[in-house]
Amino acid sequence: MTKDRLSGIILLLLAVFVMIETRVLPLGTHSRPGPGYLPLLLSSFLAILGVILIVWGRLASSWRSVKWSEGLHALAILAGSVFTTLTLETLGYRLTMLILMVFLFGVMERLKWWMVFSLSVGLSFGSFWLFDTMLKVILPRGGLGF
Amino acid sequence: MGETLQNLYLGFSTALIPMNFFYGFMGCLVGTLVGVLPGVGPLAGISLLLPTTFGLNPTSAIILLSGIYYGAMYGGSTTSILMRIPGEAASVMTCIDGYALAQKGRAGPALAISAIGSYIAGTASVIGLMLLAPPLAKYALRFGPPEYFSLLVLGLLVLGYMTGGPMVKNLTMIVLGLLFGMIGIDHFSGYFRFSYGLVALGDGIGIVPVAVGLFGISEILTTAGQSIRPEVIKPRLKDLLPSKKELRDSMAPIGRGSLLGFLIGIIPGSAHIISTFISYAVERRVSKHPERFGKGAIEGVAGPESANNAASCGALVPMLALGVPTGPIPAVLLAALMVHGINPGPMLIKEQPVIFWGLIASMYVGNFILLLLNLPLVGIFVNFLRVPYKILYPTILMLCVVGVYAVNSSIVDVWIMIVMGILGYVLRKYDFEPAPMVLGVVLAPIVEMSFRQALAMSAGSYMIFVQRPISVVFLVATLVMIILALKPLVKKGKDWRERFTKVEKDEET
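## Regarding the overall build of chain B
Reasoning step 1: Each helix and strand counted, chain B has 23 helices and two strands in total.
Reasoning step 2: Looking at chain B residue by residue over its 509 residues, the buried ones come to 59%.
Reasoning step 3: Across chain B, contacts joining residues at least 24 apart in sequence account for 80% of those joining residues at least 6 apart.

Structure (structure tokens):
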């Protein structure tokens, strides 16, 4: 299986999914197209492009050739981002960012403890001061007032 | 001409108000930093600072954000010349001869020529923008829904063609972007589309979470775990002055780069990047000593650096005159105007002269500020390059969250950013370009509106798109673009877009 063929199959499935989802929307007529008209046209076009990729993708490199060497690191950053999104409004911006920074600087990058401390506190509280206090961008405070 | 001068006076009296001057200066400063730091492009920089402009008036906001855009073009050359790392994708070509000059001890003159070229090109292209945008806007008033639809299709296809890589893949990105752009309430019927009961998706998915996710987060994920700390050459102030010969050799490339860059900038696509490739190729071709290129030819710095600045200004022509962005960065600038309640389109220049002419005048001032910032202060900017990447990326991640959350104070936007980040990461692995998708998301509402209005006008006949002359011109140009894209299938050998993609990939690795 080549990279392009795999991409083509995924795009084809996605197009079929959109077509199915479009069924609940009124199509309208040619003179008065409804909300489902253009999405159906576009998903049909996407399906055609998916088929082209499947047909012409035989010469592309194998999907196994894709390197994921940074994958674990990326996964950890993603986990940190998901945690941030889940807790941003409940813990508040400062506390959430403090935890995220400690995780990234301390656990992921293994910086010295004093650097982890100063960078995490400085960035989480400093950015809050800059954006919320100075630039009047409203950031969440959370139940604990942070 | 008298009217233009009168408008320019209005512009300068707007741009030189202390508050607007301050925001213009800040935009240039942040833009230079964004350009200097590898991994933070102008798109991410503008998107992240967009929420901070909500409290400003629209003129100050657009002056600040566009300052970041053209400021990044100046800053990008610094890392290219001193470290052989393009701080910004548009500075890839500067790496070749800029770094070679630095190794010969001519880093100072290379930086100086780059700044002078950027200044001349930036100023010249502002004149072009000033003269071209108003008549173009006047002409665009003749456009009805069919013309707009054909123009948008042409714009999307040109972007797909110019982005590099296989056209089929770029087309899938455009279609995906258009589909993403249709999430939310249908403005004609009030139906919720693809929102799965999430009220927050009613307004659709915003350009900022999409752009920050696809470009900012995916970049962090792709470069995760890298420990980049290359050697930095620090130039001395007294070495900045170029010799008379270097100045003489640079003048023609600066002129050619300015003209090429401005014209390419108007065309949809990553114009500021493409213009540097074309400018470098032109300079090499017209040079009496092409063998010097790659070994430290000052023309190889002067041409591309002038071209990318001129292109960034040229890209503002269709954005301001037609309300049609030609790439992701003008799209975010346009979104910024819309956030402030300004309706983009041909009427913008007429209805909002203070914004348009204020921006024009601020760009004259901004280019001068950038010249001053980038020459004497280059030593200070270089110090930012010493920040290790393992400290830089958590900071960028934090800024991404702040920037996206602050747009609507919506946690759903942060989720969208993460999903787009994962999507962008996987797309990069599978050789798909995310830029056409961003433009698709932005243009989807206008594309759909003009398409449906055109069909309503013609009682359902698709012939309306080929019965109106202006629309036909756009569709013929679209057809030419498709034929050009199919050429590699018939004629063997790599076309320029494949070479462009290859160079970009080589630089990434």
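Back to the write-up after that little detour.
## Re the nonpolar core
Reasoning step 1: One finds B:Ile46, B:Leu65, B:Ala211, B:Val212, B:Val332, B:Leu333 and B:Val438 to be the most contacted residues of the largest nonpolar core, which totals 199 residues.
Reasoning step 2: Among the domains, domain 1 (3-65) and domain 2 (71-134) of chain A are the pair contributing at least three residues each to this core.
Reasoning step 3: Not counting residues within four places of it along the chain, the set of residues in contact with B:Val212 comprises B:Ala44, B:Ser47, B:Leu48, B:Ile217, B:Cys400, B:Gly403, B:Val404 and B:Met417.

## Structural notes on the domain arrangement of chain A
Reasoning step 1: For chain A, the domain assignment lists domain 1 (3-65) and domain 2 (71-134).
Reasoning step 2: Using only C-alpha atoms to locate each centre, domain 1 of chain A and domain 2 of chain A end up separated by 39 Å.

## As for the packing of helix 4 (residues 58-83) of chain B against helix 14 (residues 328-339) of chain B
All names here are of chain B.
Reasoning step 1: Running from N to C, helix 4 and helix 14 cross one another at 165°; their axes reach a closest spacing of 10 Å. Here helix 4 is positioned roughly antiparallel relative to helix 14, judged by the angle of their axes. For helix 4 against helix 14, the interelement crossing comes out right-handed. Between helix 4 and helix 14, the contacting residues are Pro58, Ala61, Ile62, Leu65, Ser66 and Tyr69 on the first element and Ile329, Leu333, Ala336 and Leu337 on the second.
Reasoning step 2: Of the residues contributing to the contact of helix 4 with helix 14, the split by class is nine nonpolar, one polar and no charged.

## Brief notes about the environment of A:Ser124
Residues and elements named next belong to chain A.
Reasoning step 1: Structurally, the position occupied by Ser124 is in helix 5 (residues 113-134).
Reasoning step 2: Taking the C-beta count within 10 Å as the criterion, Ser124 has 22 such neighbours and is therefore assigned buried.
Reasoning step 3: Between the C-alpha atoms of Ser124 and Leu88, which are 36 residues apart in sequence, the distance is 12 Å.

## A few points about the interface of chain A and chain B
Reasoning step 1: With 48 residues of chain A at the contact, the number on the chain B side is 48 residues.
Reasoning step 2: Among the elements that take part in the side of chain A that touches chain B, helix 3 (residues 71-91) of chain A stands out by supplying 10 residues, more than any other.
Reasoning step 3: Of the residues that constitute the side of chain A that touches chain B, the class distribution is 30 nonpolar, 11 polar and seven charged.

## Remarks on unusual backbone geometry
Residues and elements named next belong to chain B.
Reasoning step 1: Backbone geometry at Phe194 places phi at a positive 50°, although glycine is not the residue there.
Reasoning step 2: Position of Phe194 relative to the elements: it lies in the loop between strand 2 (192-193) and helix 9 (207-222).
Reasoning step 3: The backbone of Ala459 shows a phi angle near 55°, a positive value even though the residue is not glycine.
Reasoning step 4: By the element assignment, Ala459 lies in the loop between helix 20 (435-457) and helix 21 (464-467).
Reasoning step 5: Here Ala459 falls in the exposed class, since 11 other C-beta atoms lie within 10 Å of it.

Definitions and cut-offs
- Residues numbered from 1 in each chain as written.
- Chains lettered and ligands numbered in written order.
- Predicted model: local features only at pLDDT ≥ 70, side-chain atom pairs only at ≥ 80, totals over all residues.
- Helix = DSSP H or I, 4+ residues; strand = E, 2+ residues; numbered from the N terminus.
- Buried ≥ 20, exposed ≤ 12 C-beta atoms within 10 Å, placed from the backbone.
- Contact = placed C-beta atoms within 7 Å.
- Core = buried A, V, L, I, M, F, W, Y, C linked by C-beta atoms within 7 Å.
- Domains from an automatic or database assignment.
- Axes fitted to C-alpha atoms, helices over the stretch in contact; angles between N-to-C directions.
- Parallel < 35°, antiparallel > 145°, perpendicular 65-115°, else oblique.
- Left-handed = near helix turned anticlockwise from the far one by under 90°.
- Nonpolar A, V, L, I, M, F, W, Y, C, P; charged D, E, K, R; others polar.

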